[in-house]
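Structural overview for review
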Amino acid sequence: MTEPEDIEQLLVSVPPEGLAGVLMPAFLDGKDVGEAKLVSWLHRQHPTVADGDVRWLERPVREALQVLEHAELIYLSRWSDSPPQWRITRLGTLCLNEGEDAVRQCIEDRIAPPRGTVADPG
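This report concerns the structure included in the present document.

Thresholds applied
Residues numbered from 1 in each chain as written. Predicted model: local features only at pLDDT ≥ 70, side-chain atom pairs only at ≥ 80, totals over all residues. Heavy atoms only, no water. Disulfide = S-S within 2.5 Å. Helix = DSSP H or I, 4+ residues; strand = E, 2+ residues; numbered from the N terminus. Buried < 20%, exposed > 50% of the residue type's maximum accessible area, 1.4 Å probe, protein only. Arc of directions from axis to C-beta. Contact = heavy atoms within 4.5 Å. Pairing = 2+ DSSP bridges. Axes fitted to C-alpha atoms, helices over the stretch in contact; angles between N-to-C directions.

A few points about the state of the cysteines
- Tallied over the full model, the rule gives 1 disulfide.
- There is a disulfide in this structure between C95 and C106, and the S-S distance comes to 1.9 Å. One quick way to see it: the torsion about the S-S bond of C95 and C106 is about -80°, and its sign makes the bridge left-handed. Of this pair, C95 sits in helix α5 (residues 90-97) while C106 sits in helix α6 (residues 100-111), placing them 11 residues apart in sequence. Both residues of the pair, C95 and C106, count as buried.

Below you can see the structure in the form of structure tokens.
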């Protein structure tokens, strides 16, 4: 399991992919999850991170959500004029059930550009 000090590092110095993996367990119940609920969940899981002021967590959480969507582990589930909500995909459930390392690998596999496909500019 990730230690609180590690979470603090994820939030301030690591790309959003790191935080994305940390957020995945919040989707485990299969219900729609909004940004505010994710920020609260993150703060409950790691109370020392924000020292009571969770507003600064919003941007890193948004960026991590974008990573999870791009990796097809969650999808936007919007109903009329309500705030956006996300739900775990079947792939997300499979990765999450295999553990934290599997989630990280799913993210890396889905968002990293394939090796050797970048055209040579010269």
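Overview of α5
- Among the residues making up α5, those that are buried are G92, C95 and L96. In an axial view of α5, the angular spread of the buried residues amounts to 95°, which keeps them on one side of the axis. Across α5 from its buried face, at more than 90 degrees, point the exposed residues R90, L94 and N97.
- Of the surrounding elements, those touching the buried residues of α5 are β3 (85-88) and α6.

Looking at the sheet that holds strand β1 (residues 33-34)
- The strand order across the open sheet built from 3 strands is β1-β3-β2, with neighbouring strands paired in antiparallel fashion. Either end of the sheet is taken by a strand with one partner, and the two such strands are β1 and β2 (74-76).
- In the sheet, β2 pairs with β3 via 3 bridges, with the strands oriented antiparallel. For L76, the partnering residue across the bridge sits in β3 and is W86.
- Sheet strands touched by helix α4 (residues 58-70): β2 and β3. Its angle to β2, the strand with the most contacts, is close to 105°.

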